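# Architecture and fold: a report
Listed below, chain by chain, are the residues.
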Amino acid sequence: MESETMIAIVKERPAPGLTLKRVPVPRELGPHDVLVKVKRASICGTDVHIYNWDAWSQERIRPPQIDGHEFTGEVVSIGGDVSTVKVGDSVVSETHIPCQKCLQCRTGKMHICKNMQILGVHRDGVFAEYVRVPEVVLWKVDPSIPLEYASIMEPFGNAIHTALVTDLTGKNVLITGAGPIGAMAVAVAKVSGAAQVIVSEIKEFRKELARKMGADVIIDPTKEDLTKKVKAMTEDNGADVLLEMSGNTTAFKQGLDSLTNGAVVSLLGVFPGELSFDINGLFTFKGLTMYGITGRKMFETWQVATQLLKNKRIDLSPVVTHILPAEKFEEGFDVMIRGISGKVILEF
Ligand code: NAD
Ligand code: ZN
């Protein structure tokens, strides 16, 4: 095989920034390990937290560690007991590594494993020429799916998992926050037969992203009254479903206020701290049902993502706004931080 070192983007020290450097190829494999040659990887909001070295990262990341978790690649070697993939397979990967032993794992809920390890958070990540992962996280990807789309199947899966907690056919769906995941959720809701997909978003670049992904109406809640506008579009009822994808408290409260009684809330957004709101008025007495979403279902969500992409039911091209060589990763983080990007993809 090639040289014994590889290029990687590493959090070297407990401080802001990341460094491109040569590190050893992780060739030693346990019986269930797989070595994957990374072809494309994409930058997630989590990587931006790690780049900025905020409080969240300081609590979890132990430098030196390779960053990154969203990727696609090709299997180059396998441990002695690996049976689900073989050398040469194209793969994508779940980024949540389940223990396969806890109550949740053993009862068909691996996505909420009690002992979850996360790639690029608890162990070396994928911003490198090679990554070693346990076979349980790998999902064979149809080679007809372009590498750029394969590399964002993980966040696409977040959009699918969040959107499909309830039947969207004929429903008025409100999405708060059209970052890359919210924008992809627009397309999932449309393809699922939503009556209207209404988006609340404050940044111009992201409004445009939502429009390109098929949003029927985009409302800027700093310029218009979201609740009034949603009611005006729904015979004064309010939306049937809220997909919360902003992680912003105000957006969440406005979203709840814009729902009809008996509506369904699917909560993906991660808030910076504790929330304080009128839960009696906005939730309980409206008889709402709320789902907390973490990650993707293994591997139901991946199967849906594969079929939607393979059969071209959803076009992710508007979401892929930047494709950069790994060496230019700083440029990618810069546009992410400024909110003037969809997904930023790195080539290794
Ligand atoms: P992002 O930060 O790129 O997108 C959030 C969007 O919300 C931005 O476009 C922002 O302009 C918009 N927004 C902010 N305040 C708003 C307001 N008051 N009203 C309307 N829109 C507002 O994030 P993303 O990568 O698309 O991820 C979406 C959310 O999901 C984030 O909160 C992220 O942390 C979270 N997330 C959760 C999981 C999980 O497993 N639960 C996984 C991945 C991401
Ligand atoms: Zn488990």
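None of the values given here were measured: they were computed from a predicted structure.

Bound to the zinc ion (ligand 2) are the protein donor atoms C99 (SG), C102 (SG), C105 (SG) and C113 (SG), situated 2.3 to 2.4 Å from the metal. Angles of 102 to 117 degrees at the metal separate the four donor atoms of the zinc ion (ligand 2), which places the site in the tetrahedral class. Look at where the donors of the zinc ion (ligand 2) fall in the sequence and you get C-x2-C-x2-C-x7-C. Using a relative accessible area of 22% as the deciding quantity, one classes C99 as partly exposed.

Here the focus is the site of ligand 1. Taken together, 23 residues sit near ligand 1, with E201, R206, L268, I293 and G295 positioned nearest. N248 is positioned with one of its side-chain polar atoms (N or O) 3.2 Å from a nitrogen atom of ligand 1. Out of a free accessible area of 860 Å², ligand 1 has 79% covered by protein chains. When the residues that make up the shell around ligand 1 are grouped by side-chain class, the tally is 10 nonpolar, 10 polar and three charged.

Within the open sheet, the six strands sit side by side as β13-β12-β11-β14-β15-β16. Their pairing is parallel. Strand pairing shows two members of the sheet lacking a second neighbour, β13 (217-219) and β16 (289-292), which therefore form its edges. Strand after strand, the sheet turns through a mean of 20 degrees between neighbouring axes, direction not considered. The sheet contact formed by strand β11 (residues 172-176) and strand β12 (residues 196-200) spans five bridges and is parallel. In the strand pairing of β12, V173 is matched with V197.

With antiparallel pairing, the three strands of this open sheet are ordered in space as β2-β1-β4. A single partner strand is all that each edge strand has here, and the edge strands are β2 (19-24) and β4 (65-66). Where strand β1 (residues 5-11) and β4 come together, two bridges link them in antiparallel fashion. Along β4, the bridge assignment pairs V10 with I66.

Moving on, we come to the layout of surface pockets. When its volume is computed, the second largest pocket comes out at roughly 240 Å³. Together, 15 residues line the second largest pocket, and M6, P24, P26, I66 and D124 are the ones closest to its centre. Counting residues per element, the ones that place at least two in the lining of the second largest pocket are β1, β2, β4 and β9 (130-134). Of the residues that constitute the lining of the second largest pocket, the class distribution is nine nonpolar, two polar and four charged.

Mapped onto the elements, G125 comes out in the loop between β8 (117-118) and β9. Note: C-alpha distance between G125 and V141 (16 residues apart in sequence) is 20 Å. Sequence-distant contacts of G125, defined by excluding residues within four places in its chain, comprise I66, D67, G68, L119, G120 and V131.

A few words on the nonpolar core. Ranked by internal contacts, the top residues of the largest apolar core, which has 80 residues, are F156, I175 and L316. Ranked by the residues each element gives to this core, the list is headed by helix α6 (residues 180-191), at seven residues. Contact partners of F156, with chain neighbours within four places excluded, come to M184, V188, A305, L308, L309, I314 and L316. Counting 18 residues, the second largest nonpolar core, distinct from the first, contains I198, I219, L267 and L288.

Burial within helix α5 (residues 153-163) is extensive, with 11 of its 11 residues counted as buried. Taken together, the buried positions of α5 are occupied by M153, E154, P155, F156, G157, N158, A159, I160, H161, T162 and A163.

Rules and cut-offs
Residues numbered from 1 in each chain as written. Chains lettered and ligands numbered in written order. Predicted model: local features only at pLDDT ≥ 70, side-chain atom pairs only at ≥ 80, totals over all residues. Heavy atoms only, no water. Donors = N, O, S within 2.8 Å, 3.2 Å for Na, K, Ca; no water. Tetrahedral: all angles 85-135°; square planar, octahedral: opposite > 155°, others 65-115°. Buried < 20%, exposed > 50% of the residue type's maximum accessible area, 1.4 Å probe, protein only. Near = heavy atom within 4 Å. Polar contact = N/O pair within 3.5 Å; in protein donor to acceptor, adjacent residues only side chain to side chain. Areas by Shrake-Rupley, 256 points an atom, 1.4 Å probe, with all protein chains shown as cover. Nonpolar A, V, L, I, M, F, W, Y, C, P; charged D, E, K, R; others polar. Pairing = 2+ DSSP bridges. Helix = DSSP H or I, 4+ residues; strand = E, 2+ residues; numbered from the N terminus. Axes fitted to C-alpha atoms, helices over the stretch in contact; angles between N-to-C directions. 1 Å grid on protein atoms, 1.4 Å probe; cavity = no way out; pocket = protein on both sides within 12 Å on 5 of 7 lines; lining within 4 Å. Points joined across faces, edges and corners; volume = space filled by probe spheres on them. Contact = heavy atoms within 4.5 Å. Core = buried A, V, L, I, M, F, W, Y, C linked by side-chain atoms within 4.5 Å.

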